[in-house]
Structure formats: structure tokens, C-alpha cells
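Geometric and topological summary
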Amino acid sequence: MDIHTYVNKHNLLHEPRYVKYEEEFHAFEDFMHEKYGINFIEIYSTKMFMKRVKLKDGSYFVIDCHFWNLFEHYLTAYYFCVGRFPFGCDMNYVRYMISNLILLTQASLQDDIPALALSFAQEYEYAGASFRKYDTLVAAESDVGIINEVIIFAFMAAILHETGHERFHKLSADACGYTGFMTFLREATSFEPEDGKMREILNRTKAVMDSGDLVSCEEMYCDFFSALEMIDIVEKALGNLKSSRDRARLMLEVLILPLMFQAELVQNQLHWRHLYYCRKEMERDGHKTWMQIERYYNQLTSRGSFLSFLYHYLICQKCGIDSESVKIKSTAEFENISLSLLRSGIRILNRACENEEKYSGFEAQRLRNQILNWR
């Protein structure tokens, strides 16, 4: 099977393409192909997340531009919530945007339960479809400097993280690979911080090291590899254009904000799936999904702690700044709106059950595509 047959078999593909950052994305893909021999293929699909695929004709990174398109809208809402824009916005409208973003993403991510995905599309349309439909969504022309910068560098960091997975298995004995990573960890965790928050972060990192959890250790290595490479890239690209503090802030947001967006997407996906299985009295599937929720939460907590650890002991040291001078601002809006939708989700669930009675899986998917103008 070649890569084009694979993606057509396993993904729901759509046009138009997300071209806003095409030049920057392709330039970095070309660089990574030359340096590591990585092959890339871009899609726009309901899957949303990047994936590594090994086939007879080679190894590929499948880049789903749907994620990056909607990440742009996530950043807009996030920066409004934390007051990073120099101009104001009606917070009621920002909350409306966040609610619509959740509905729209779940209309994609619940694709393997077509009746539920259709119900989310119907709810998105009912709510006013603030991001428009997919025939116009990708043509968004916002041009905000901090958003453009974060997306471009976050795209690089995401590819580097996935490249880390390849290196973890192929170069684990190399001094610049896993051995170097473990040396860094042992040295960086060999003292007790005075700050209570940092002690907690350090203890979580040590717990992952001592647990023997290879999946979490591999994720930590990939974040370490990505962070090291991003330090070099940002320094070369912006060393003469930005202050040390601004470069450190950019690197922190590039590493953390895509993870925050991914967490919002996956946690909503799993919690809604759990509600659906409970509504359908599918106890086995419901229990399995709840175990996935707990496992994902633990992995997310471990990875978030380690990224904070890297920021304090790697990035800030490199930039020569006090780590307390730059922090990720938190906002409760995304979590609160997600919980509010879940608590009042009976209409979405009831309609999903009605859809299931009226339509086959294929028909439900076709209607979802029709409502959202998927092509």
C-alpha cells in the first residue's frame, strides 16, 4: 500500500486546503526531509492530529492541517481570555467562540460515532456557526503577529516532537539521544528546590523516571528533544530581534499552548463518548472509556509537569532570565465552558440517539458533511 492509498482509506479528506502558513510549513518540512529523511504528506481531515505511518514504500509524517487551522482560533480566544491583545473584546462573545469551537471540533473527532458527530454539527449550526462552515473556515484572514509566530514555531516543535519518537527507538544508545537525556535528568533533579511549586514539578518528574512507565518516559524524551532543537531555532531566527525574555516566553508558549489545545480536544472527545455510552447503557464501552480518561489525565499531568521543568531548567537558563518573570497565564474559560456543555448535554445526546434511529452510519456522516460543507 502506498501513502496516498493509505490516507484515502483511513481518513475523510476535504478541500479547500489550509494555505495560510503553507510557505513556512513547507520550508520546515523540506529542512526536516533533508536532515532526517522524513517524508511528509498533508491532509485536512476529521482525525485532526499528526500521525507517523510506516509503509513498504517508506516512513511518513501525516500532517493534518485541520488541527493548525482551528489552533489559530483557539489562540485568538486564549489571548483574549488572558488579556494579551492590546485591544478589548466582549467576553460574552469570546465564551460564545469557545463553545462553538468545542462543538465544531467534536463534530469531527466523534467521527467513529456518526450519529453523535451529526448531533454536534446540528448543535453548531443551531448555535450560529460562529466560525462559519468548512468551505470558508480555512480562508480566515486574521493577521495577528503573536498568533502567526506561535503557530509557525509550534508547527516546528510538533514535528520535532514526533521526530523524537523515531530517535528514541533508533538512537537510544547515542550520547546525543536517550543517554544524553537521562544524564540531563539526573543532573537537573539532583537538588531540592526552595520553591514549593518547583518541588512539586520536580517530584512528578522523578516519579515518572522511577515508575518504569516507558510511554511517559518516551514522551518526556520527545519533549526534551523538541525543546533543545527549538532553543537553537528560535535563537538563530530571533536572537537579534527579540529580548531574552520575549524569546523565552515564545518558546514556553510554543511548547505548552498546542498541548493545552490538544488536551481540550481529547478530554472533550473522551468525556462526551463516555456520556454517550452511559446514555446507551453500553457499560463495557463506558468503563473502557473512563479508564482512557484517567490514563490520559495522568499522562497529561506528567507531560505538563515535565514541560514546566524543561522551561525552568533548560530554556530560562539558556536565555539567562528568571523563570518567574515569564509564566503561562491560566484561564478557566475553556474548562468551565466544556463542563457547562457536558452538564447540559442532554439535547445533544438525545438528538444523537434520534439520529441513530433515523439514519445509517453512512447517512449520518453524509448529513454531517452536508451541514458543515465538508467537501
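Located above this text is the structure these notes cover.
One structure accompanies this document, and this report is about it. In this text the structure is predicted, and so the values were computed from the model without any measurement. (Residues numbered from 1 in each chain as written. Predicted model: local features only at pLDDT ≥ 70, side-chain atom pairs only at ≥ 80, totals over all residues. Heavy atoms only, no water.)

Here we look at the nonpolar core
Short version of the rule: We define a nonpolar core as any set of buried Ala, Val, Leu, Ile, Met, Phe, Trp, Tyr and Cys residues linked to one another through side-chain atoms lying within 4.5 Å. Only protein chains enter the accessibility calculation, which uses a 1.4 Å probe. A residue is then buried if its area is under 20% of the maximum for its type, exposed if over 50%, and partly exposed in between. Where helices and strands are cited, they refer to DSSP runs of H or I of at least four residues and of E of at least two residues respectively, numbered from the N terminus. The contact criterion used throughout is that any non-hydrogen atoms of two residues lie within 4.5 Å.
In terms of nonpolar packing, the biggest core is built from 121 residues, with Trp68 and Phe71 touching the most fellow members. The leading source of residues in this core is helix α11 (residues 244-279), at 17 residues. Apart from the residues lying within four places of it in its own chain, the contact partners of tryptophan 68 are Tyr18, Phe25, Ile63, Ile151, Ala154, Phe155 and Ala158. Judged by nonpolar contacts, the second largest core, of nine residues, contains Ile3, Ile41, Ile43 and Leu55.

Looking at the pattern of salt bridges
In plain terms, the rule: By definition, a salt bridge exists where a carboxyl oxygen of Asp or Glu is found within 4 Å of a side-chain nitrogen of Lys or Arg.
Going through the model one piece at a time under the given rule, you end up with 17 salt bridges. The partner of arginine 52 in a salt bridge is glutamate 162, with the nearest N and O atoms 3.0 Å apart. A residue pair is termed long-range when its members are at least 10 positions apart, and arginine 52 in strand β2 (residues 51-55) and glutamate 162 in helix α7 (residues 145-170) qualify at 110 residues. Between aspartate 232 and lysine 236 there is a salt bridge, and its shortest N-O distance comes to 3.2 Å. Taken together, the positions of aspartate 232 and lysine 236, both in helix α10 (residues 214-238) and four residues apart, correspond to about one turn of that helix. Aspartate 232 gets classed as partly exposed once you look at its relative accessible area, which sits at 37%. Given the relative accessible area of 66%, lysine 236 is considered exposed. Through salt bridges with shared partners, a single network forms among Arg52, Lys54, Glu162 and Glu166.

Focus: the sheet that holds β2
Within a sheet, each strand pairs with its neighbour through backbone hydrogen bonds, oriented either parallel or antiparallel. Keep this limit in mind: Should DSSP find at least two bridges between two strands, the strands are taken to pair. Here an axis means a line fitted to C-alpha atoms, over the contact stretch when the element is a helix, while the angle between two N-to-C directions is reported on a 0 to 180 degree scale.
Ordered by their spatial adjacency, three strands build an open sheet running β1-β3-β2, and the pairing between neighbours is mixed. Edge strands, defined here as strands with exactly one partner in the open sheet, are β1 (39-43) and β2. On average, each strand axis in the sheet is tilted by 30° relative to the strand beside it, whichever way the strands run. Here five bridges tie β1 to strand β3 (residues 58-64), and the two strands are oriented parallel to one another. If you follow phenylalanine 40 over to β3, its bridge partner there is phenylalanine 61. The strands touched by helix α3 (residues 65-81) are β1 and β3; relative to β3, the strand with the most contacts, the crossing angle is about 30°.

A word on the packing of helix α5 (residues 114-126) against helix α14 (residues 346-358)
When two helices pack together, you describe them by how their axes are tilted relative to each other and by the distance separating the axes. Formally: The cut-offs work like this: below 35 degrees is roughly parallel, past 145 is roughly antiparallel, 65 to 115 is roughly perpendicular, and the gaps in between are oblique. For a crossing to be left-handed, the near helix must be turned anticlockwise from the far one by less than a right angle; the clockwise case is right-handed. Side-chain classes are defined by residue name, with Ala, Val, Leu, Ile, Met, Phe, Trp, Tyr, Cys and Pro counting as nonpolar, Asp, Glu, Lys and Arg as charged, and the others, Gly among them, as polar.
α14 packs onto α5 with a crossing angle of 125° between their chain directions and a minimal axis gap of 8 Å. Our classification of the angle between α5 and α14 gives oblique. For the element pair α5 and α14, the recorded crossing hand is right-handed. Across the interface between the two elements, Ala115, Leu116, Leu118, Ser119, Phe120, Gln122, Glu123 and Tyr126 of α5 pack against Arg347, Ile348, Leu349, Arg351, Ala352, Asn355 and Glu356 of α14. Of the residues belonging to the contact of α5 with α14, the class tally is eight nonpolar, three polar and four charged.

These figures come from the coordinates and say nothing about function on their own.
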